[in-house]
Structure formats: C-alpha cells, structure tokens
Amino acid sequence: AITNFSSTMLILLDVTCLNTVLKDPTILADYKVASSIPAACIMIPSCLVTYFYPKLVKIYSEAPELFLAFIKKLTLLFVAVNTVVFVGLTICAPLIVYIFYGEKYTNIVPIFRILSLNFFIFGSTRKLFGNVIAAMKKSEVNLVFSILSGIVNIVLNLLLIPMYGSIGAAIATVCVSCFMGLGCGIYLWRNIKK
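A brief report on the enclosed structure follows. All figures in this text were calculated on a predicted structure; none of them were measured in a lab.

Considering a nonpolar patch on the surface
So, step 1. Together, Leu95, Tyr98, Ile99 and Phe100 make up an exposed nonpolar region whose accessible area comes to about 470 Å².
So, step 2. Within the fold, Leu95 resides in helix α5 (residues 93–101).

Side note on the packing of aromatic side chains
So, step 1. Taken as a whole and assessed by the stated rule, the structure comprises six aromatic pairs.
So, step 2. For the pair Tyr51 and Phe52, a centre-to-centre distance of 4.9 Å together with 90° between the ring planes defines the contact as edge-to-face.
So, step 3. According to the relative accessible area criterion, Tyr51 is exposed, its value standing at 63%.
So, step 4. A relative accessible area of 18% places Phe52 in the buried class.

Let's talk about α5
So, step 1. Within α5, the full set of buried residues consists of Ala93, Ile96 and Val97. Taken end-on, α5 shows its buried residues confined to a sector of 95°, consistent with a single buried face. Along α5, the residues that are exposed and aim more than 90 degrees away from the buried face are Leu95 and Ile99.
So, step 2. The elements touched by buried residues of α5 are α2 (25–40), α4 (67–91) and α6 (109–135).

Examining the side chain of Lys127
So, step 1. As for its placement among the helices and strands, Lys127 is situated in helix α6.
So, step 2. Within the local environment of Lys127, its side chain forms a polar contact with the side chain of Ser46, the two groups lying 3.3 Å apart.
So, step 3. Contacts of Lys127, omitting those with residues within four sequence positions, involve Ile42, Pro45, Ser46, Val49 and Phe122.

A short note on empty space enclosed by the protein
So, step 1. The tally for this structure, following the rule as stated, stands at one cavity of 30 Å³ or more.
So, step 2. Roughly 40 Å³ of volume is contained in the largest cavity.
So, step 3. In this structure, the largest cavity is lined by Leu48, Val49, Phe52, Tyr53, Leu56, Leu74, Leu128 and Asn131.
So, step 4. Looking at the lining of the largest cavity, the elements with two or more residues in it are α3 (43–62) and α6.
So, step 5. Among the elements that make up the lining of the largest cavity, the one with the highest residue count is α3 (five residues).

A closer look at the packing of helix α7 (residues 139–164) against helix α8 (residues 166–193)
To characterise two packed helices, one gives the angle between the axes of the helices and the distance between these axes.
So, step 1. The N-to-C vectors of α7 and α8 enclose an angle of 155°; their axes lie 8 Å apart at closest approach. Accordingly, the angle class assigned to the pair α7 and α8 is roughly antiparallel. Note on packing geometry: the crossing formed by α7 with α8 is right-handed.
So, step 2. Residues of the contact of α7 with α8, tallied by class, amount to 18 nonpolar, seven polar and no charged.

Scoring rules and cut-offs
- Residues numbered from 1 in each chain as written.
- Predicted model: local features only at pLDDT ≥ 70, side-chain atom pairs only at ≥ 80, totals over all residues.
- Heavy atoms only, no water.
- Patch = residues over 30% accessible without salt bridge, like charges linked within 9 Å, V, L, I, M, F, W, Y side chains within 5 Å.
- Areas by Shrake-Rupley, 256 points an atom, 1.4 Å probe, with all protein chains shown as cover.
- Salt bridge = Lys/Arg side-chain N within 4 Å of Asp/Glu carboxyl O.
- Helix = DSSP H or I, 4+ residues; strand = E, 2+ residues; numbered from the N terminus.
- Phe/Tyr/Trp six-rings, centres within 6.5 Å; stacked < 30°, edge-to-face > 60°.
- Buried < 20%, exposed > 50% of the residue type's maximum accessible area, 1.4 Å probe, protein only.
- Arc of directions from axis to C-beta.
- Contact = heavy atoms within 4.5 Å.
- Polar contact = N/O pair within 3.5 Å; in protein donor to acceptor, adjacent residues only side chain to side chain.
- 1 Å grid on protein atoms, 1.4 Å probe; cavity = no way out; pocket = protein on both sides within 12 Å on 5 of 7 lines; lining within 4 Å.
- Points joined across faces, edges and corners; volume = space filled by probe spheres on them.
- Axes fitted to C-alpha atoms, helices over the stretch in contact; angles between N-to-C directions.
- Parallel < 35°, antiparallel > 145°, perpendicular 65-115°, else oblique.
- Left-handed = near helix turned anticlockwise from the far one by under 90°.
- Nonpolar A, V, L, I, M, F, W, Y, C, P; charged D, E, K, R; others polar.

Structure representation (structure tokens):
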C-alpha cells in the first residue's frame, strides 16, 4: 500500500513543486488538466496487472523455469496495448484537449503529450515490473524504488521547473518513470537469472 501510494504521489509532487517554484495558479491549473487523462489511462495497465497477477504468482511458485518466458510475453502485451493508447493520445492530443477542456486549454497540448509518454513508460515497465517484484515476495524492493523515485523527482523538478516551467515538471516525471522502469527491469533480470 505504501509503495502504490508513493508511486501515485509522483504527479502530486510535480504539482507541489510547480506551485512552490513558480507560484502561478494558471500554470498549476494547466498542468493539472494536462495530467488528468494520461494519469487516468494508468487504469489500463492496472487492469491488465490485476488480471494476470494470480497467474504470475502461480508460475513463480510452481514453475519458476517458465517465469522469465511469461514475463517476456506480458511485457510484449503491455507494450503493445500501451503503444496503441500512447499513439492515440499523442496524435489526437489537440482534439482531446479541445473536446474535454475547451479552447482556452489548447496551450497544454505539449505537456499532455509528454505526460502521455510518461503513461507509456510507466504503464509498460514500472506497473508490470513492480507487480512482478511483488509476486517474487520482494515488496521492500518496490518501496526502495518508490522512495528513490520520489527523491529524484523532487530534485529534477527543482532543477527543471525554473528553466522550463510546467514542461520541466513533465520531463522530470518522464525521467523518473524511465529510472524506475530501468531499475526494476535490471533488478528483475539479475534476480530471475539467479
């Protein structure tokens, strides 16, 4: 629960840092609006994880020799599904923003696209790999990655927001998702090989 909470906090950290550094309610509102749909799309990989998690635990417990092959298949599935969503969000970003938020928010399209990339990275790696680590009964590893990610996110936000504004906050989020996904992937690879 703590790990899932800290992962969810990444978007809230961006909003808090934006508010603290820039103190501009308009930029803050734009960022919150831009993040809402990409953040809601995390429901898709969450549903996939919920569906496959029992099988993941069963294979890890009963047939560990098949575990790596199953993770590879799941990774391909997650990447395929999330690619479709990401491409749709990216191509249709101006239309989505216009339909859901109106003409006054058309300036958030670049942030929306960057956060859609974050959805793809987070949903294709961290969401899956974090649950694989949990299936391996190594939840403390997820907690460590979440805490490290929170620290990296704050540092990157404080560095990038003064230079790039809300785009800097979105870039920081993407960097943190890459860090989390890569870290979890490396951890899994080393431990599964053992």
